[in-house]
Amino acid sequence: MTDPISKGLLPEGFRDRLPPQAEAAADLLRTLLDQVSAHGYERVSPPLVEFEDSLVTRLSSARPQDLLRFVDPLSQRTLALRPDITAQVGRIAATRMAHIARPLRLAYGGPVLRVRPAQVGPQREAMQMGAELIGSDHVDAVAELLGIALEALAAAGLADMSVDLTLPDLVGTLAAGPWPVTAPLADVQTALDGKDAAALQALGAAQYSTLIEAAGPSDSALARLKALNVSGALNTRIAGLERLVATAAPHAAVTIDPTERHGFEYQTWIGFSVFAAGVRGEVGRGGTYLVRHPGGGEETAVGFSLYVDGLVDAGLGASRRRRLFVPLGEAAHAAKLRAEGWTTVAALTDADTPTRLRCDYALANGELVKL
Ligand SMILES: N[C@@H](Cc1c[nH]c[nH+]1)C(=O)O
């Protein structure tokens, strides 16, 4: 009996959550959702599976090869497990909630799946929660979302946060205006991704290497971006960055990496990532984007997604509940104690003891005893 199935092994990239981490994950999700709900973001709950086409065309959040896909025996259509809930919220906003006045504030939480693990961590399933505001990509709306994300994380117990701000469509904006390039834009972007000044030079895009130098702590990065002084093309972006630095600064250290695109496949003028000491990979990510409507129109939006698993692995949300042992015959007292917030664990036989049932309190003749 050594085959993987009989040993209870799971496919690569999937795991069970056991006590107390499963509880911690549920607690964290609830805390984060309560925080966004307090700001008027209403919960939507899209399905785990959709038509593949719907997931890949709505936002360019995933390529077909990144999706876990299968053919539905009923419809014979290709379905896929969602890699990101933002695209689904966009679909809902553009179709079933298209008639609701804007801005539309929506929240969500649930598992997402990817074929290939994200760059950090081997897991293919992740618990994603987030909030999306549809109908604006104004800096005021971005500041609202960034502020809520950081406050929610602080409420969940996260400390030592840092925020990295990026301008995902900066290169396209500069190329269309003050810094035209003859080389394909994708090559310029790849050279910037690799922070490769020599490659930029070879592409005839040497000015762009100043953007590499502009990356760093917000003060120096802003000063460098201002010094570029590219005939006003960057003025609103710089003003936007200043506003968001001010929003994030009370909660987190802020850096700016103006050309960072990784993980910002569909974001437009602004993107942000949140990191924290002790948490592997990104805690969350967000930014502005466009929602496509069935008629062909587009609508501006801004949102963020937070990833709960890294927080659980860092030990957050694991408020160990006090477990109260209820001996045989004392069940009548237990209901009142549960109403007061206790977790009660009932003995079913004489063999059940507080130690075996992992309890730190016990009831004895109706009295609470600390063990
Ligand atoms: N869903 C995106 C983040 C995002 C939400 N809204 C806009 N961007 C992600 O997880 O990368």
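Residues numbered from 1 in each chain as written. Predicted model: local features only at pLDDT ≥ 70, side-chain atom pairs only at ≥ 80, totals over all residues. Heavy atoms only, no water.

1. Thoughts on the nonpolar core
- Grouped together as the largest cluster of nonpolar side chains are 71 residues, with contacts concentrated most on Leu165, Tyr208 and Phe304.
- Not counting residues within four places of it along the chain, the set of residues in contact with Phe304 comprises Val36, Tyr108, Met129, Gly130, Ala131, Glu132, Leu145, Ile148, Ala149, Phe272, Arg285 and Gly286.
- In this structure, Val89, Leu104, Tyr289 and Ala301 belong to the second largest nonpolar core, which totals 17 residues. (Core = buried A, V, L, I, M, F, W, Y, C linked by side-chain atoms within 4.5 Å. Buried < 20%, exposed > 50% of the residue type's maximum accessible area, 1.4 Å probe, protein only. Contact = heavy atoms within 4.5 Å.)

2. Some words on the UniProt feature "binding site: L-histidine" (unreviewed entry) in the protein chain
- Per the UniProt annotation, the sites labelled "binding site: L-histidine" (unreviewed entry) are Asp84, Ile85, Thr86, Arg114, Gln128 and Glu132.
- Here Asp84 is to be found in the loop between strand S4 (78-81) and helix H3 (85-94).
- For Asp84, a relative accessible area of 7% gives the class buried.
- There is a polar contact of 2.8 Å between the side chain of Asp84 and the side chain of Gln128.
- Along the chain, the position of Gln128 falls in strand S6 (residues 125-134).
- Accessibility expressed as a relative area gives 0% for Gln128, which makes it buried. (UniProt positions renumbered as here; feature names shortened; annotations may be inferred. Helix = DSSP H or I, 4+ residues; strand = E, 2+ residues; numbered from the N terminus. Polar contact = N/O pair within 3.5 Å; in protein donor to acceptor, adjacent residues only side chain to side chain.)

3. A short note on the environment of Arg323
- Looking at the secondary structure, you find Arg323 in strand S13 (residues 323-326).
- The spatial distance from the C-alpha of Arg323 to the C-alpha of Glu132 is 38 Å, given a sequence separation of 191 residues.
- Once you skip the residues sitting within four places of it in the chain, Arg323 turns out to touch Thr343, Val345, Leu357, Arg358, Cys359, Asp360 and Tyr361.
- There is a polar contact of 2.9 Å between the side chain of Arg323 and the backbone oxygen of Leu357.

4. Focus: the sheet that holds strand S1 (residues 42-43)
- Here 9 strands make up an open sheet; going across it, the order is S1-S5-S6-S12-S11-S10-S7-S9-S8 and the pairing mixed. Strands with a single pairing partner mark the edges of an open sheet, and in this sheet they are S1 and strand S8 (216-217).
- Looking at chain direction, strand S11 (residues 284-292) and strand S12 (residues 298-307) are connected through 9 bridges and run antiparallel. Across the sheet, Arg292 pairs through a bridge with Glu298, a residue of S12.
- Sitting on the sheet, H3 is in contact with strand S5 (104-113), S6, S11 and S12, with an inclination near 140° to S5.
- Contacting S5, S6, strand S7 (161-166), strand S10 (271-276), S11 and S12, helix H4 (residues 139-155) crosses the sheet at an angle of about 15° to S12. (Pairing = 2+ DSSP bridges. Axes fitted to C-alpha atoms, helices over the stretch in contact; angles between N-to-C directions.)

5. Describing the confidence of the model for the protein chain
- Looking at the protein chain, the pLDDT average stands at 92 and 97% of residues meet or exceed 70.
- As scored by the predictor, the complex reaches a pTM of 0.93 and an ipTM of 0.99. (pLDDT = per-residue confidence, 0-100.)

6. Notes on the site of the ligand
- With respect to spatial proximity, 14 residues lie near the ligand, and among them Asp84, Thr86, Arg285, Ser305 and Tyr307 are the closest.
- Take Thr86: an N or O atom from its side chain is 2.8 Å from a nitrogen atom of the ligand.
- When isolated, the ligand has an accessible area of 300 Å², and the protein chains bury 98% of it.
- Where the shell around the ligand is concerned, the elements lending two or more residues are S6, S11 and S12.
- When the residues that make up the shell around the ligand are grouped by side-chain class, the tally is 4 nonpolar, 7 polar and 3 charged. (Near = heavy atom within 4 Å. Areas by Shrake-Rupley, 256 points an atom, 1.4 Å probe, with all protein chains shown as cover. Nonpolar A, V, L, I, M, F, W, Y, C, P; charged D, E, K, R; others polar.)

7. Some points on the environment of Asp169
- By secondary structure assignment, the location of Asp169 is in the loop between S7 and helix H5 (170-176).
- Using a relative accessible area of 27% as the deciding quantity, one classes Asp169 as partly exposed.
- The sequence separation of Asp169 and Thr268 amounts to 99 residues, and the corresponding C-alpha distance is 5.6 Å.
- Separated by 2.8 Å, the side chains of Asp169 and Arg237 make a polar contact.

8. Some words on the pattern of salt bridges
- Under the defined criterion, the tally for this structure stands at 17 salt bridges.
- When the shortest N-O distance is used, the salt bridge between Arg285 and Glu282 registers 2.6 Å.
- The exposure class assigned to Arg285 is buried, which follows from its relative accessible area of 18%.
- Each member of the salt-bridge network shares a partner with another, and the members are Arg15, Arg17, Asp309 and Asp313. (Salt bridge = Lys/Arg side-chain N within 4 Å of Asp/Glu carboxyl O.)

9. Examining the packing of H4 against helix H10 (residues 235-248)
- Two elements in contact, H4 and H10, have axes separated by 9 Å at closest approach and are oriented at 25°. Between H4 and H10, the interaxial angle falls into the category roughly parallel. Pair H4 / H10 crosses with right-handed handedness. The residues of H10 that touch H4, namely those facing Val139, Asp140, Val142, Ala143, Leu146, Gly147 and Leu150, are Gly240, Arg243, Leu244, Thr247 and Ala248.
- Looking at the contact of H4 with H10, its residues break down into 7 nonpolar, 3 polar and 2 charged. (Parallel < 35°, antiparallel > 145°, perpendicular 65-115°, else oblique. Left-handed = near helix turned anticlockwise from the far one by under 90°.)

10. Describing the environment of Gly204
- One can find Gly204 in the loop between helix H7 (197-202) and helix H8 (209-213).
- When the C-alpha atoms of Gly204 and Pro180 are compared, they prove to be 9.8 Å apart, with 24 residues separating the residues in sequence.

11. Looking at the side chain of Thr86
- As for its placement among the helices and strands, Thr86 is situated in helix H3.
- Within the structure, the side chain of Thr86 is placed 2.9 Å from the side chain of Glu132, a separation counted as a polar contact.
- With residues near it in sequence (within four places) discarded, Thr86 still touches Leu59, Tyr108, Gln128, Glu132, Tyr266, Tyr289 and Ser305.

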